[in-house]
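Residues per chain are reported as follows:
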Amino acid sequence: MKKLITANEMKTILAKQGPSGVPADAQLTPIARDLLKDAQRKGGTAIKGGASAKASEPVVPDYEYKWTPGSDPQSPADLQAFYHSKEITTLRERMADIGQRIWNKDYVDGNGGNLTIRVGDNLVLCTPTLISKGFMSAEDMCMVDMNGTQLAGTRKRTSEVMTHIGIMKRQPKAKACCHAHPPHATAFAVASVVPPTCMIPEAEVFLGQIGMAPYQTPGSPENADTVGEIGVNHQSVLMENHGVITWGKDIEDAYWKMENTDAYCKTVWIASQLKGGQLKTISGPQAKELIGIRKALGMDDYRENWKECELCDNSDFRPGVICGVPPVAAANGEQPEYDDSAEALVQQITNEVMKAF
Ligand SMILES: [Zn+2]
């Protein structure tokens, strides 16, 4: 059996022996393969973090797929050749890899979730329908045009690809999307609670403000339009009563946003159980500074011209109050607000106690 070399093992081999130390018939994980390619391109042996790494230019792997505009393959034969090309096969392997990660993290169950990578003006790779994301291979992936028409791949494409394309059509920087149902973030989507801002600096920089899209049937054109509009300004969108979709410059980046979103929602949820839900936020000027860092890292933020006092306005986020919505008020469709009946009861008891003295 061929030896499978992981990214960490590759780093060690490259640091000690250079690219020539990798057995010719070894099987490589997608990230290990990228590390090897980088080392071969640089012609050196130094990999950051390696045991005997020489001082050299730090390696920052670039996973973004860049095509030449106007160069999409057109004929059925050219489309097949493109789908089976080395570059596209690497991306399909990477999708299978990310599928395993979202499944291992419990972000999807059953056949839930889907992934896409834009690979042309009018070409998108996507995961197939009715498959566990934890058990996909590169051969399972489909290729569609921007209308969702399947062009390559033997399995049927996911119906939710249209939601991803809804974002890609409106936001050219969205080169890949990740959709999943991670429990903490999906809980916010089911409760229709927009996660507050200004709680954790890394979330402000790498995630930006999380958006909320009103419920539409998954896979419908209406959902593609609704989520597509919200996705222009938000790299992470909660879809009411459904789940989360994130986008990035490549599939790894889109996946990171998914991790960031669920971890953020989990932390905010736990924190909201403490101190009566009174959460501490950073200040407006501090938030402004973080948005500046986000921009410097190449990520837009539609809030960059907002006033500082608006950046950390979480007045709609009242976790303790939301938990206390009287069932009758909720059934009548009233907005969550302070529980008047409880307040009146407290007042009545206070009055009785005061009278006793
Ligand atoms: Zn879904």
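Only a predicted model underlies this, so the values are computations on that prediction, with no experimental measurement involved.

What counts and how
- Residues numbered from 1 in each chain as written.
- Predicted model: local features only at pLDDT ≥ 70, side-chain atom pairs only at ≥ 80, totals over all residues.
- Heavy atoms only, no water.
- Phe/Tyr/Trp six-rings, centres within 6.5 Å; stacked < 30°, edge-to-face > 60°.
- Helix = DSSP H or I, 4+ residues; strand = E, 2+ residues; numbered from the N terminus.
- Buried < 20%, exposed > 50% of the residue type's maximum accessible area, 1.4 Å probe, protein only.
- Lys NZ or Arg CZ within 6 Å of the ring centre and 35° of its normal.
- Donors = N, O, S within 2.8 Å, 3.2 Å for Na, K, Ca; no water.
- Contact = heavy atoms within 4.5 Å.
- Pairing = 2+ DSSP bridges.
- Axes fitted to C-alpha atoms, helices over the stretch in contact; angles between N-to-C directions.
- Disulfide = S-S within 2.5 Å.

Remarks on the packing of aromatic side chains
Stage number 1. For the structure shown, the criterion picks out 2 aromatic pairs.
Stage number 2. Aromatic pair W103 and F135: ring centres 4.9 Å apart, planes at 75°, arrangement edge-to-face. Taken as a pair, W103 in helix 4 (residues 86–104) and F135 in the loop between strand 4 (123–126) and strand 5 (142–144) lie far apart in primary sequence, 32 residues in all.
Stage number 3. Overall, F135 belongs to the exposed group, its relative accessible area being 57%.
Stage number 4. Looking at R92, its charged tip hangs above the ring of Y83, at a distance of 4.0 Å from the centre.

Regarding the coordination of the zinc ion
Stage number 1. Bound to the zinc ion are the protein donor atoms H179 (NE2), H181 (NE2) and H242 (NE2), situated 2.1 to 2.3 Å from the metal.
Stage number 2. In the primary structure, the donors to the zinc ion are separated according to the pattern H-x1-H-x60-H.

A few points about the environment of A189
Stage number 1. Here A189 shows up in helix 6 (residues 183–191).
Stage number 2. Judged by its relative accessible area of 0%, A189 is buried.
Stage number 3. A189 sits 49 residues away from L238 along the chain, and the two C-alpha atoms are 5.5 Å apart.
Stage number 4. Residues contacting A189, with those up to four places away along its chain left out, are M212, L238, M239, E240, N241 and G243.

Section: the pairing of strand 10 (residues 243–248)
Stage number 1. Of all 6 residues making up strand 10, 6 are buried, and the element is well covered by its neighbours.
Stage number 2. The alternating pattern of strand 10 places G243, I245 and W247 and V244, T246 and G248 on opposite faces, both of which are buried.
Stage number 3. Pairing between strand 7 (residues 176–180) and strand 10: 5 bridges, direction antiparallel. Bridging across to strand 10, C178 finds its partner in T246.
Stage number 4. Summarising the sheet, strand 9 (residues 236–239) and strand 10 pair through 4 bridges and their orientation is antiparallel. For S236, the partnering residue across the bridge sits in strand 10 and is T246.
Stage number 5. Joining the antiparallel neighbours strand 9 and strand 10 is a turn of 3 residues, in which N241 adopts a positive phi near 55°.

Concerning the sheet that holds strand 7
Stage number 1. Reading across the sheet, the 8 strands line up as 6-5-4-3-7-10-9-8 and stay open at both edges, with mixed pairing between neighbours. With one partner strand each, in any of the chains shown, strand 6 (150–152) and strand 8 (211–213) form the two edges of the open sheet. For this sheet the average axis-to-axis angle between neighbouring strands, irrespective of direction, equals 25°.

Some thoughts on the state of the cysteines
Stage number 1. Evaluation of the coordinates by the stated rule reveals 1 disulfide.
Stage number 2. C198 shares a disulfide with C312; S-S distance 2.0 Å. Disulfide C198 to C312: torsion about the S-S bond roughly -80°, handedness left-handed. Taken as a pair, C198 in the loop between helix 6 and helix 7 (201–206) and C312 in the loop between helix 11 (308–311) and helix 12 (319–323) lie far apart in primary sequence, 114 residues in all. Across the pair, exposure class does not vary: C198 and C312 are buried alike.
Stage number 3. Distance from the sulfur of C142, which forms no disulfide, to the nearest cysteine sulfur (C126) is 4.6 Å.

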